[in-house]
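Single-letter residue listing:
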Amino acid sequence: MGQNLTRKILADHLVSGELQPGREIGVRVDQTLTQDATGTMAYLQFEAMGIPRVRTKLSVSYVDHNMLQTGFENADDHRFLQTVAAKYGIYFSRPGNGICHQVHLERFSSPGDVLLGSDSHTPTSGGAGMLAIGAGGLDVAVAMGGGPYHLTTPTIVGVHLSGQLQPWVAAKDIIFELLRRLTVKGGVGKIFEYFGEGVASLSVPERSTITNMGAELGATTSVFPSDERTREYFRAQKREAMWRPIGPDTNPEYDEVVEIDLDRLGPMVARPQSPDNVVPIEEVEGTRLAQVCVGSCTNSTYHDLSVTAAVLKGRKVHPSLSLTVTPGSRQVFTMIARTGALADLIESGARILESACGPCIGMGQTPASDTASLRTFNRNFPGRSGAPNDQVYLASPEVAAVSALAGEITDPRKSGAPPSLATPQEFVIDDDLIIPPTESADGVDVARGPNIKHLPLAQPLPQTIAAPVLIKLGDNVSTDHILPAGSKILPLRSNIPAISEYVFHYVDPEFAAKAKESGASIIVGGSNYGQGSSREHAALAPMYLGVAAVLAKTYARMHHTNLVNFGIIPLVFADEADYDRVNVGDALEIPDVRDAVRGGQVTVRNTTQGHEFTARHNLSQRQVEVLLEGGLLNYVKARAN
Ligand code: MIC
Ligand code: SF4
């Protein structure tokens, strides 16, 4: 049997370890990306490493998350990022240029290369044949310094696409189908590689919707081959010279295969409050809506906005709801302005937002109390929209557009034939908002406004951990639960003392105060603990509050690594029944943890309840060393000296 594409790229970039599922490998990173909400920390960490210029082929710093300037904080961060980029040899995509993933796909994606980004939706560029992986900011900082990225060798799932999408059925429905079948933890430890005759029917932007939302499966990443459709896209982006064909051998071998017959898919919707709560649209048809939002890195391409505009053309948004439209990039924005689609949207009553994450991350447009919002985004975790009891449904732009006219969730197949839209032969190319790196760092001063605070460092693992359990959580707790986003909290991303006050804000508002009072503390989680975003703040802020260990059933990939990177030991219940025996307030003791951790398991004494149990960890030898030395930054610095 032949090799699959993922193994080819991994083998080509392997610097340590063996490609055996479950084993740790190190891979060389060609490109990095950061966005502002995770980027400030990543660059503070890069600065702390003392390396004069980035050592990647290409590194880009985007500003797209913290775009509302209701105080000086976000603007301070933007200036810091721009000057840091100039100093260290990084491209800087200015605010207004678009969402990092959309712009990266358009202007920088490179088939067969490895991209590491400090954002969980970095896999978007997998739509153009890249192996694009999301990670915490510190991992990205290490990669910018020329270090490898360490990950557990994933199992490779081949997703075999046959047939062709039916009218009104969208790329979004393909990833919904996978989420419906596999759930938000079904992809942990896996890479999804798309193959088969159905692939050619999908354009690169459609493929990128699928690889983007593969993040919601918990997958390491998702990838499509780079074929003639990819070449078409690169040509239209006037980057054909950057294109190269790369794909699996004929008859490729996969660890698992999933079959999807595109002919059989219908429009689907993810109900509140999880992206895997997927149902056929028939089950939610008629749900009254107070808001519809089109945008986010999942669905804000030229195609997505043109479909929306074509459906709305000459008609008005339903009076009971508010429709927002966010172009994913300045390229998309310019294109819809030139074709007239923008005028159709404005005339329909849509509220046009700037090219940014916006409502997807709760930066404005929080829905009204007790109302439902339908969004083309990728996540509907509780509270993410900014309202504590929000009712956010996820769907394709096609469903969003017809529903915006009807005022309720509506099956687009009842609207006659879908608009027929041509794939652009040429996109508008204007990279003037991307500032290339300066030739030298001479004379560049990094602008540090008062919002940029010092980076707290982790401590080496103590000999004994003795601490109370401060919180006990269920399954699939996301980083939005651990450290929420939203317009109030996001501006504090460069200020760990301030943002740490919001740890578990909507779960237990007293958490931060209790943690500070008890000195050291322990978190107990269920399975897939820490799913969702890459934000290392969900480890960094708990570390700052004194959290010494997390005990959970299983972890999401990025959060697991982030905990290690910041010196918090991620333990796993050896016997899941012990989860039920631990309560909030119990005093736990983990004796001789420094020695025990080398052996792969520790003993946990519950001194409140008078029993003890075993906990394991899934750490590589390297990660054990990282913990013993007090986090990745200390570890890297020690070796650089
Ligand atoms: C998200 O979609 O949750 C974010 C905001 O883009 C995060 C990054 C962050 O928290 O800054 C992500 O997906 O990694
Ligand atoms: Fe931005 Fe939303 Fe995409 Fe995250 S998921 S990068 S917040 S648009």
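Below: a short report on this structure. Quick caveat, the model's predicted, so the values are computed rather than measured.

### Here we look at the layout of surface pockets
- Approximately 900 Å³ is the volume attributed to the largest pocket.
- Lining the largest pocket we find 44 residues, and of these E206, H303, V307, L421 and T423 sit closest to its centre.
- Residue contributions to the lining of the largest pocket peak at seven residues, all from helix 9 (residues 302–312).
- Tallied by class, residues from the lining of the largest pocket come to 23 nonpolar, 13 polar and eight charged.
- By volume, the second largest pocket amounts to about 580 Å³.
- Taken together, 27 residues make up the lining of the second largest pocket; nearest its centre are T152, V188, R557, H560 and N618.
- Contributing elements (two or more residues each) for the lining of the second largest pocket: strand 8 (149–152) and helix 17 (557–565).
- Here the lining of the second largest pocket gets four residues from one element, more than from any other, and that element is strand 8.
- Counted by class, the lining of the second largest pocket contains nine nonpolar, 13 polar and five charged residues.

### Things to note about the environment of Q3
- Here Q3 is to be found in the segment before helix 1 (5–13).
- Distance in space between the C-alpha atoms of Q3 and A37 is 38 Å, their sequence separation being 34 residues.

### Some remarks on unusual backbone geometry
- Residue P272 is joined to Q273 through a cis peptide bond whose omega torsion reads -5°.
- Of note, W168 is a non-glycine position whose phi angle comes to about 75°, a positive value.
- Locating W168 in the fold gives a position in the loop between strand 9 (155–162) and helix 6 (171–182).
- The backbone of D592 sits at a positive phi, close to 50°, despite the residue not being glycine.
- Looking at the secondary structure, you find D592 in the loop between strand 25 (587–590) and helix 19 (593–596).
- The class for D592 is partly exposed, based on a relative accessible area of 43%.

### Comments concerning the pairing of strand 21 (residues 465–472)
- Where strand 21 meets strand 25, four bridges bridge the pair, whose relative direction is antiparallel. The residue bridging A467 from the neighbouring strand is L588, located in strand 25.
- Two strands pair when backbone bridges link them, and strand 21 and strand 22 (residues 521–524) are joined in this way by three bridges, in the parallel orientation. Bridge pairing links I471 to I523 in strand 22.

### Some points on the sheet that holds strand 8
- Reading across from one edge, 1-2-8 is the order of the three strands in this open sheet, with antiparallel pairing throughout. In the strand order of this sheet, the two ends are held by strand 1 (14–16) and strand 8, each with one partner. The sheet shows a mean angle of 45° between the axes of neighbouring strands, taken without regard to direction.
- The pairing of strand 1 with strand 2 (residues 24–27) spans two bridges and is classified as antiparallel. Residue pairing across strands places L14 opposite V27, the latter belonging to strand 2.
- The strands touched by helix 1 within the sheet are strand 1 and strand 2, with strand 1 carrying the most contacts at an inclination of about 55°.

### Digging into the packing of helix 2 (residues 36–49) against helix 3 (residues 72–88)
- Axis separation between helix 2 and helix 3 bottoms out at 10 Å; the angle between their running directions is 45°. As the angle between them shows, helix 2 and helix 3 are arranged oblique. As for how helix 2 packs across helix 3, the hand of that crossing is left-handed. Packed against helix 2, whose contacting residues are D36, G39, T40, Y43, L44, F46 and E47, the element helix 3 presents D77, H78, F80, L81, V84 and Y88 at the interface.
- Looking at the contact of helix 2 with helix 3 residue by residue, the classes come out as seven nonpolar, three polar and three charged.

### A few points about the pairing of strand 26 (residues 601–606)
- Only one face of strand 26 is covered, namely the face carrying V602, V604 and N606; the face carrying Q601, T603 and R605 is uncovered.
- Here two bridges tie strand 25 to strand 26, and the two strands are oriented antiparallel to one another. Opposite E589, over in strand 26, you have R605 as the bridge partner.
- With six bridges connecting them, strand 26 and strand 27 (residues 611–616) associate as antiparallel partners. Following the sheet pairing, R605 is matched in strand 27 by E612.
- Between strand 26 and the antiparallel strand that follows it, strand 27, lie four residues; G610 among them carries a positive phi value of about 70°.

### Things to note about the site of ligand 1
- In the vicinity of ligand 1 lie 14 residues, with H65, D119, S120, S534 and R535 positioned nearest.
- At 2.7 Å from an oxygen atom of ligand 1 is found a side-chain nitrogen or oxygen belonging to D119.
- The separation between an oxygen atom of ligand 1 and a polar side-chain atom of R379 is 2.9 Å.
- About the coverage of ligand 1: the protein hides 97% of its 330 Å² of free accessible area.
- Here ligand 1 occupies the largest cavity.
- Residue composition of the shell around ligand 1, grouped by class: two nonpolar, seven polar and five charged.

### Here we look at the site of ligand 2
- In the vicinity of ligand 2, the residues found are H65, H101, D119, H121, S296, C297, C357, C360, I361, N378 and R384.
- In this structure the site holding ligand 2 corresponds to the largest cavity.
- Classifying every residue of the shell around ligand 2 gives four nonpolar, five polar and two charged.

Conventions and cut-offs
- Residues numbered from 1 in each chain as written.
- Chains lettered and ligands numbered in written order.
- Predicted model: local features only at pLDDT ≥ 70, side-chain atom pairs only at ≥ 80, totals over all residues.
- Heavy atoms only, no water.
- 1 Å grid on protein atoms, 1.4 Å probe; cavity = no way out; pocket = protein on both sides within 12 Å on 5 of 7 lines; lining within 4 Å.
- Points joined across faces, edges and corners; volume = space filled by probe spheres on them.
- Helix = DSSP H or I, 4+ residues; strand = E, 2+ residues; numbered from the N terminus.
- Nonpolar A, V, L, I, M, F, W, Y, C, P; charged D, E, K, R; others polar.
- Buried < 20%, exposed > 50% of the residue type's maximum accessible area, 1.4 Å probe, protein only.
- Pairing = 2+ DSSP bridges.
- Axes fitted to C-alpha atoms, helices over the stretch in contact; angles between N-to-C directions.
- Contact = heavy atoms within 4.5 Å.
- Parallel < 35°, antiparallel > 145°, perpendicular 65-115°, else oblique.
- Left-handed = near helix turned anticlockwise from the far one by under 90°.
- Near = heavy atom within 4 Å.
- Polar contact = N/O pair within 3.5 Å; in protein donor to acceptor, adjacent residues only side chain to side chain.
- Areas by Shrake-Rupley, 256 points an atom, 1.4 Å probe, with all protein chains shown as cover.
- Sits in = over half its atoms within 2 Å of the grid points.

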